[in-house]
Amino acid sequence: MAQPQHHQVPQQPRPRFQSRRRAVWGIVFRRVVVAIPILVATTAGVFALAAVSPFDPLDAYLKGQAGSYTEAQRESISHQLGLDRSWWESWLVWLQGLASGDLGISRSYSQPVTQVLVERLPWTMLLGVCGLAGAIVLSFCLGLWAAVHRGGAADRAILALATVIQATPPFVVALGGLGLFALVWKLFPTGGLTYPGQPVTFSSTVAHLALPATVLAITQVPWLVLSLRESIVEVMDSGAVTGAQVRGIPRRTIIFSHLLPTSVPPFLALIGAGLSELVVGSTLVEAVFAWPGLGTALVKSAQSLDFPLLSILTVATTAVVLLGNLLADVAFVVLDPRVDADA
């Protein structure tokens, strides 16, 4: 006699998972819709501001020697560079080139903009990843220690140090690190990617990366430390943790089973929201340490009014900030169980 076959009913996704997934896609859609006009307006703003800038892009291109050229020569060079167009004509030409994949020629580097990006993007990513990783490790350890020892000497010292660094501009921190560790104590190179006349090697890269990455990490630590400490303290004052302490549960178990699972998700989400500060800090650190990344290129393109390069770097910076905000919102919904996805 044939045995009856039992058909297994496929398990349906949990309603809470479905609501969070819908919330995530809703956030992504809204952010993309808002990001497109922001990016377009940003590019237009670069060219519009250039039109009212007191600086002469032709004089910047000729490195301050425009007076040694005749009027006819200056007009010819301006026409070749497209400097005789109105700002909106230059903007439309740049948009057409962007749509076709032609980003133009960087006047400050005398190279195609694409080549400048390809050569410098890896070094910026290396510095940014190392700086962010160092900031996460430092802030996690210091924030957890300060919260667990709330009110103690270590907590007060960490809060005071974080407040001072938070109030100090990143370039001041970079200059202080350069002066103290490279010029006075001579523990690290003063800048660049390698020593003068030497090829770029793994050891030289590590030696020249250590101080800029450490400085970049330090500039990002304060807001991460303060937010993590506040989150942990809030959980420590909750009824669940108080009840666990009353029941005699070991402190180590409370930390790893109650405090961290609830406090870490907002901390991770905040990292995405802080990408804008990381971009600003990385640009300033690169400029101080002459690190051959996009931050240095951004400063040089602004100084020389190199609009093809300045425009794409401004767009890329804006896109990173918007992406960071998107990742932060998504992380809050996905990681933090206290967030109501249907709200």
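Criteria and cut-off values
Residues numbered from 1 in each chain as written. Predicted model: local features only at pLDDT ≥ 70, side-chain atom pairs only at ≥ 80, totals over all residues. Heavy atoms only, no water. UniProt positions renumbered as here; feature names shortened; annotations may be inferred. Salt bridge = Lys/Arg side-chain N within 4 Å of Asp/Glu carboxyl O. Helix = DSSP H or I, 4+ residues; strand = E, 2+ residues; numbered from the N terminus. Buried < 20%, exposed > 50% of the residue type's maximum accessible area, 1.4 Å probe, protein only. Phe/Tyr/Trp six-rings, centres within 6.5 Å; stacked < 30°, edge-to-face > 60°. Axes fitted to C-alpha atoms, helices over the stretch in contact; angles between N-to-C directions. Parallel < 35°, antiparallel > 145°, perpendicular 65-115°, else oblique. Contact = heavy atoms within 4.5 Å. Nonpolar A, V, L, I, M, F, W, Y, C, P; charged D, E, K, R; others polar. Arc of directions from axis to C-beta. Domains from an automatic or database assignment. Buried area = accessible area lost by both parts, 1.4 Å probe. Core = buried A, V, L, I, M, F, W, Y, C linked by side-chain atoms within 4.5 Å. Patch = residues over 30% accessible without salt bridge, like charges linked within 9 Å, V, L, I, M, F, W, Y side chains within 5 Å. Areas by Shrake-Rupley, 256 points an atom, 1.4 Å probe, with all protein chains shown as cover.

- Naming follows an unreviewed UniProt entry, where the protein appears as ABC transporter permease of Corynebacterium canis.
- Of the comments in the UniProt record for the protein, the one headed Sequence similarities (unreviewed entry) reads "Belongs to the binding-protein-dependent transport system permease family."
- Taken verbatim from the UniProt record of the protein, the Subcellular location (unreviewed entry) comment is "Cell membrane".

## What to know about the pattern of salt bridges
Link 1 in the chain: Across all of its chains, the model carries four salt bridges by this definition.
Link 2 in the chain: When the shortest N-O distance is used, the salt bridge between R31 and D329 registers 2.2 Å. Here R31, found in helix α1 (residues 15–51), pairs with D329, found in helix α13 (residues 307–335); they are 298 residues apart in sequence, far enough to count as distant.
Link 3 in the chain: The class of D329 is partly exposed, set by a relative accessible area of 23%.
Link 4 in the chain: The salt bridge partner of D237 is R150, with a shortest N-O separation of 3.1 Å. You can see D237 sitting in the loop between α8 (202–236) and α9 (239–246) and its partner R150 sitting in the loop between α5 (113–148) and α6 (153–167), a full 87 residues away along the chain.

## Points about the packing of aromatic side chains
Link 1 in the chain: The tally for this structure, following the rule as stated, stands at six aromatic pairs.
Link 2 in the chain: Ring geometry for F140 and F267: centres 6.4 Å apart, planes at 55 degrees, overall tilted. You can see F140 sitting in helix α5 and its partner F267 sitting in helix α10 (residues 251–273), a full 127 residues away along the chain.
Link 3 in the chain: Residue classification places F140 among the partly exposed residues on the basis of a relative accessible area of 26%.

## Describing the packing of helix α11 (residues 275–289) against helix α12 (residues 294–303)
Link 1 in the chain: Contact geometry of α11 with α12 gives a least axis separation of 7 Å together with a crossing angle of 80 degrees. With respect to α12, the axis of α11 lies roughly perpendicular. Of α12, the residues touching α11 (which contributes T283, E286 and A287) are L294, G295, T296, L298 and V299.
Link 2 in the chain: Across the contact of α11 with α12, the residue classes break down as four nonpolar, three polar and one charged.

## A closer look at the UniProt feature "transmembrane region" (unreviewed entry) in the protein
Link 1 in the chain: The positions UniProt marks with the feature "transmembrane region" (unreviewed entry) are residues 28–52, 123–146, 158–185, 205–226 and 309–335.
Link 2 in the chain: In the segment residues 28–52, helix accounts for 96% and strand for 0%; the C-alpha atoms at its two ends are 36 Å apart.
Link 3 in the chain: In this annotation, residues 123–146 is assigned 100% helix and 0% strand; the end-to-end C-alpha distance for the span is 34 Å.

## Focus on α12
Link 1 in the chain: Buried residues of α12: L294, G295, A297, L298 and S301, and no others. Down the axis of α12, the sector holding all buried residues measures 160 degrees, keeping them to one side.
Link 2 in the chain: L305 sits one or two residues past α12 and shows a positive phi near 55 degrees.

## Description of the domain arrangement of the protein
Link 1 in the chain: According to the domain assignment, the protein consists of domain 1 (24–106) and domain 2 (116–335).
Link 2 in the chain: Just the C-alpha atoms count here: the centres of domain 1 and domain 2 sit 32 Å apart.
Link 3 in the chain: Regarding the contact of domain 1 and domain 2, the summed buried area is about 1800 Å², with carbon and sulfur atoms giving 82% of it.
Link 4 in the chain: It is L39, V46 and S106 in domain 1 that bury the most area against domain 2; as a group they hold 24% of the surface buried on that side.

## Points about the nonpolar core
Link 1 in the chain: Counting 25 residues, the largest nonpolar core has L144, L224, I232, I255 and L259 as its most contacted members.
Link 2 in the chain: If one sorts the elements of this core by residue count, α8 sits on top with ten residues.
Link 3 in the chain: Other than its neighbours up to four places away in sequence, L259 contacts I232, V235, M236, V241 and I254.
Link 4 in the chain: W94, V113, A297 and L313 belong to the second-largest nonpolar core, a separate cluster that totals 20 residues.

## Examining unusual backbone geometry
Link 1 in the chain: The phi torsion at S110 lies on the positive side, around 55 degrees, for a residue other than glycine.
Link 2 in the chain: Inspection of the secondary structure puts S110 in the loop between β1 (105–106) and β2 (111–112).

## Some thoughts on a nonpolar patch on the surface
Link 1 in the chain: Judged by side-chain polarity, L180, L183, V184, W185 and L187 come together as a nonpolar surface patch covering roughly 510 Å² of accessible area.
Link 2 in the chain: If you trace the backbone, L187 turns up in the loop between α7 (170–184) and α8.

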